[in-house]
Amino acid sequence: MWCSLQALLPLAGILSITGAIDLDITSKDSVKSATSSIAYDMMTYYSGNQTGQVPGILPGPCSSAECYYWWEAGAMWGALINYWQYTGDESYQPSVIEALKFQIGPEKNYNPPNQSKNMGIDDQDFWGFAAMEAAEAGIPDVQEDDFPSWLALAQAVWNFQVQYWEPASCGGGFRWQIYPVNAGYNLKNTVSNGGFFQLSVRLARYTGNQTYADWAGKVYNWMENTLLFQMQDGHLYIWDNTDADGNCTQVEHYVWTYNYGINLMGCAMMYNFTNGDQVWKTRIDNILDGAALLFFPSDYGNNIMTEMLCESQGNCNNDQSSFKAYLSRWMAVTSLLAPYTHDLIMPKLQASAQAAAKQCVGGSNGRQCGRQWYSTTWDGSKGVGQQMSALAVIGATQITQDMVPLSAKTGGNSTSNPNAGNDAPHNPEEEFEKDPITTADKAGAAILTLIVIGTITGLSIWIIL
Ligand SMILES: *[C@@H]1O[C@H](CO)[C@@H](O)[C@H](O)[C@H]1NC(C)=O
Ligand SMILES: *[C@@H]1O[C@H](CO)[C@@H](O)[C@H](O)[C@H]1NC(C)=O
Ligand SMILES: *[C@@H]1O[C@H](CO)[C@@H](O)[C@H](O)[C@H]1NC(C)=O
Ligand SMILES: *[C@@H]1O[C@H](CO)[C@@H](O)[C@H](O)[C@H]1NC(C)=O
Ligand SMILES: *[C@@H]1O[C@H](CO)[C@@H](O)[C@H](O)[C@H]1NC(C)=O
Ligand SMILES: *[C@@H]1O[C@H](CO)[C@@H](O)[C@H](O)[C@H]1NC(C)=O
């Protein structure tokens, strides 16, 4: 059948025009061609490099239906750096660099005024990660007067965030939101704490500065001692958020791939940084086990990743539709930094990659990616997150030792500035007096996540258990 189809040249022509992503992960050329199409389709959502448009951001504002919050654009630039590493395709590097330059803001710490009033810790982290990604991938620092190095940008994000550590409730932790007026300020959530944790680890490893490592340990210990992290029947559940108004005695029972991923890679990097500390190994093992149980269900052969809380119901929002991209990337990096996990992780990424390609059969060009990788019928959804997730998981199958994130010890040459951002101290009150917050601003960046899960799915993991 396969042979005779190939022989039908006209039909083959039609097949390639009408899309579908052919993928053989054992062939570098096949992976290159598949990811090139997927990245191209992802970038059709981006118009920031056109005249009169704002570099770095995706369509918004989020009062309209088809919109992407600022954080997701930051995540996308990071994913495109990885795409370049996996394939060598430099097509998007100019857009990536322009975006990462344009959004730094006057304090040079990815807190630009257009975003700062509703910026959560997690939102800023994804831009900090992209800058870190650039440093770890060996992209040369921008050589312009007064323009910070990639590393200094990540350090400036860290210096900004560290001031918001809050021991007054819950014994510590970061609140999701910076400003009390924003919805979600009462929550201490996993992605914000895991985000600061991961950034700390990456800075510790890149610079060798123990202060960052100490903070990483402190934040992780805090998370582990709250209800956010719970062992049940020998498995680790990492829940989404806990309410500081009640001193974190209640927890929301939602599980998301990126909350596992963000902590997994941080632990893997700490394991590596500490030369194999068993405490970090146990943490890696618990997260991997929990992620395998929840997001690689036996229904789909134990190896195909799914965003279980929203995917089968078809109601993931634009934020959630991108989460699998991060778990994919961070599992791949984990397989390098904790090599003993390689044989456990790679079959999951490989099977998920093959499956993701088979879900990229939708839309008018016949190759838009949906979310349900476990199905070969297009689920009818498309968007930046769907493209990014497929791109990330297919690219991740190509990760090799030469992509181990660089550090200053292994040839990384991005310039360190531990005081980055500190000369422009941040004063929220002043900012609000200058420019009072409007009702429209109040929807915090990832707030949609909360509203949607709160009102639509009503589905908590404990029901499933
Ligand atoms: C914008 O970027 C896309 C690729 O993402 C590219 O095809 C296009 O030519 C760029 N446009 C400009 C004006 O640079
Ligand atoms: C902020 O928004 C204004 C108005 O849309 C735009 O001109 C400017 O380029 C934006 N700045 C950033 C850093 O996004
Ligand atoms: C830093 O490293 C990158 C990648 O290896 C290289 O292209 C660049 O020239 C180096 N920069 C300096 C200042 O050495
Ligand atoms: C709040 O929780 C922290 C950490 O669990 C605890 O140390 C503290 O005593 C609690 N405070 C109150 C007022 O219950
Ligand atoms: C740390 O990562 C490097 C690069 O993959 C690897 O060679 C080394 O074995 C790792 N260290 C440990 C303790 O696993
Ligand atoms: C290490 O990082 C801390 C926190 O930013 C900073 O205060 C300290 O100066 C740094 N130390 C060195 C040697 O760079």
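Residue positions are given per chain, counted from 1 along the sequence in the order it is written. Numbering of ligands from 1 and lettering of chains from A proceed in the order in which they are written. For this predicted model, a pLDDT threshold of at least 70 governs which residues receive local features, and a threshold of 80 or more governs which side-chain atom pairs are given and counted, while totals over whole chains, interfaces and linings are taken from all residues. For side-chain calculations, the full set of non-hydrogen atoms in the structure is used, while hydrogens and water are omitted.

Undergrad: Please explain the overall build of the chain as it appears in this structure.
TA: Put simply, DSSP H or I for four residues or longer makes a helix, DSSP E for two residues or longer makes a strand, and each gets a number counted from the N terminus. Secondary structure assignment for the chain yields 18 helices and seven strands. Relative accessibility under 20% of the residue-type maximum defines a buried residue, over 50% an exposed one, and the middle range a partly exposed one, all with a 1.4 Å probe and only protein chains included. Looking at the chain as a whole, 59% of its 465 residues qualify as buried. Contacts are assigned to residue pairs that have any heavy atoms within 4.5 Å of one another. If you take every contact in the chain between residues at least 6 apart in sequence, the share linking residues at least 24 apart comes to 68%. Only the protein chains shown count as covering a residue, and every accessible area follows the Shrake-Rupley method with a 1.4 Å probe. Accessible surface computed for the chain: about 18,300 Å², of which carbon and sulfur atoms make up 53%.

Undergrad: What exactly am I supposed to notice about the environment of Asp 289 here?
TA: By the secondary structure assignment, Asp 289 is in helix H12 (residues 278-295). Among the residues examined, Asp 289 registers a relative accessible area of 31% and is labelled partly exposed. Distance in space between the C-alpha atoms of Asp 289 and Gly 234 is 9.5 Å, their sequence separation being 55 residues. For Asp 289, the contacting residues outside a window of four places in its chain are Gly 234, His 235 and Leu 236.

Undergrad: Sorry, what's going on with the nonpolar core here?
TA: Across soluble globular proteins, nonpolar side chains show a tendency to be buried alongside one another. Met 76, Trp 77, Leu 80, Tyr 110, Phe 197 and Tyr 326 are the most contacted members of the largest nonpolar core, which has 142 residues in total. The element that contributes the greatest number of residues to this core is helix H4 (residues 70-87), accounting for 12 residues. Among all residues touching Tyr 326, those that are not within four sequence positions of it are Trp 71, Glu 72, Ala 75, Phe 126, Tyr 258 and Met 388. Among the buried residues, those of types Ala, Val, Leu, Ile, Met, Phe, Trp, Tyr and Cys that are joined through side-chain atoms within 4.5 Å form a nonpolar core.

Undergrad: Before we go on, may I ask you to explain the site of ligand 1 in this structure?
TA: We call a residue near a molecule or strand whenever a single non-hydrogen atom of that residue lies within 4 Å of it. Around ligand 1, the neighbouring residues are Met 43, Asn 49 and Tyr 92. Calculation on ligand 1 without its partners gives an accessible area of 360 Å², and the protein chains cover 43% of this total.

Undergrad: I would appreciate a short explanation of the state of the cysteines in the present structure.
TA: Joining two cysteines, a disulfide is a covalent bond between their sulfur atoms. Put simply, a disulfide is two cysteine sulfurs that come within 2.5 Å. Under the definition given, this model contains three disulfides. Two residues share a disulfide in this structure: Cys 310 and Cys 316, whose sulfurs sit 2.1 Å from each other. Here Cys 310 and Cys 316 share a disulfide; its torsion about the S-S bond, 95°, makes the bridge right-handed. Of the two residues examined, Cys 310 and Cys 316, each falls in the buried class.

Undergrad: Can you walk me through unusual backbone geometry in this structure?
TA: Both trends apply: most residues other than glycine have a negative phi, and most peptide bonds are in trans. The phi angle at Lys 108 is positive, at roughly 55°, despite the residue not being glycine. For Lys 108, the location among the structural elements is in the loop between helix H5 (93-102) and helix H6 (113-116). Backbone geometry at Cys 248 places phi at a positive 60°, although glycine is not the residue there. Looking at where Cys 248 falls in the secondary structure, it is placed in the loop between strand S4 (241-243) and strand S5 (251-252). The class for Cys 248 is buried, based on a relative accessible area of 9%.

Undergrad: Where do I start with the environment of Ala 152 in this structure?
TA: Positionally, Ala 152 belongs in helix H8 (residues 150-162). Take Ala 152: its relative accessible area is 5%, and that puts it in the buried class. Considered as a pair, Ala 152 and Ser 414 are 262 residues apart in the sequence and their alpha carbons are 8.0 Å apart. The contacts of Ala 152, once residues within four sequence positions are left out, are Thr 415, Asn 417 and Ala 420.

Undergrad: Whenever I open this one, the pairing of strand S2 (residues 229-232) confuses me. Can you help?
TA: In the case of a regular strand, side chains alternate between the two sheet surfaces. Pairs of strands are assigned from DSSP output, requiring at least two bridges between the strands. By the bridge criterion, four bridges tie S2 to strand S3 (residues 235-238) in an arrangement that is antiparallel. Across the sheet, the residue bridging to Gln 230 is Tyr 237, located in S3. Connecting the antiparallel pair S2 and S3 is a turn made up of two residues, with Asp 233 showing a positive phi of about 50°.

Undergrad: Could you clarify how one ought to interpret the site of ligand 5 in this entry?
TA: Tyr 271, Asn 272, Asn 275, Gly 276, Leu 336, Leu 337, Pro 339, Gln 401 and Val 404 make up every residue found near ligand 5. Any pair of nitrogen or oxygen atoms within 3.5 Å is treated as a polar contact; in protein, a donor-acceptor pairing is required on top of that, and neighbouring residues in sequence qualify only through side-chain atoms on both sides. Between ligand 5 and Gln 401 there is a distance of 3.2 Å, counted from an oxygen atom to a side-chain nitrogen or oxygen. In the complex, 63% of the free accessible area of ligand 5, which totals 360 Å², lies under the protein chains. Contributing elements (two or more residues each) for the shell around ligand 5: helix H11 (257-273) and helix H13 (323-337). Each residue gets one label: Ala, Val, Leu, Ile, Met, Phe, Trp, Tyr, Cys and Pro are nonpolar, Asp, Glu, Lys and Arg are charged, and the others, such as Gly, are polar. Of the residues that constitute the shell around ligand 5, the class distribution is five nonpolar, four polar and no charged.

Undergrad: How do you make sense of the pattern of salt bridges when you look at a structure like this?
TA: Once the charged atoms of two side chains with opposite charge are near each other, the side chains can pair. Whenever Lys or Arg places a side-chain nitrogen within 4 Å of a carboxyl oxygen from Asp or Glu, that contact is recorded as a salt bridge. With the rule as written, the count across this model stands at 10 salt bridges. A salt bridge links Arg 367 to Asp 41; the shortest N-O distance between them is 2.7 Å. Taken together, the residues Arg 367 in the loop between strand S6 (360-362) and strand S7 (368-369) and Asp 41 in helix H3 (residues 28-43) connect sequence positions 326 residues apart. You can call Asp 41 buried: its relative accessible area is 3%. A salt bridge links Arg 202 to Glu 133, with the nearest nitrogen and oxygen atoms 3.0 Å apart. Linking Arg 202 in helix H9 (residues 190-207) with Glu 133 in helix H7 (residues 121-136), this pair joins segments that are 69 residues apart in sequence. Accessibility classification places Arg 202 together with Glu 133 in one group, the buried group.

Undergrad: Just to check I follow, could you spell out the packing of H9 against helix H10 (residues 210-225) for this structure?
TA: Packed helix pairs are characterised by how far apart their axes lie and by the angle those axes make with each other. Viewed as axis vectors pointing N to C, H9 and H10 meet at an angle of 155°, and their least axial separation amounts to 8 Å. Here H9 is positioned roughly antiparallel relative to H10, judged by the angle of their axes. Every pair of crossing elements has a handedness; the one defined by H9 and H10 is left-handed. Between H9, through Thr 190, Asn 193, Gly 194, Phe 196, Phe 197, Ser 200, Val 201, Leu 203, Ala 204 and Thr 207, and H10, the contact on the second element is made entirely by Tyr 212, Ala 213, Trp 215, Ala 216, Val 219, Tyr 220, Trp 222 and Met 223. Working convention: axes come from line fits to C-alpha atoms, limited for helices to the stretch in contact. Angles between N-to-C directions cover 0 to 180 degrees. Here the angle decides the label: under 35 degrees means roughly parallel, over 145 means roughly antiparallel, 65 to 115 means roughly perpendicular, and every other value means oblique. Each helix crossing is assigned a hand: it is left-handed if the near helix lies turned anticlockwise from the far helix by less than a right angle, otherwise right-handed if that turn is clockwise.

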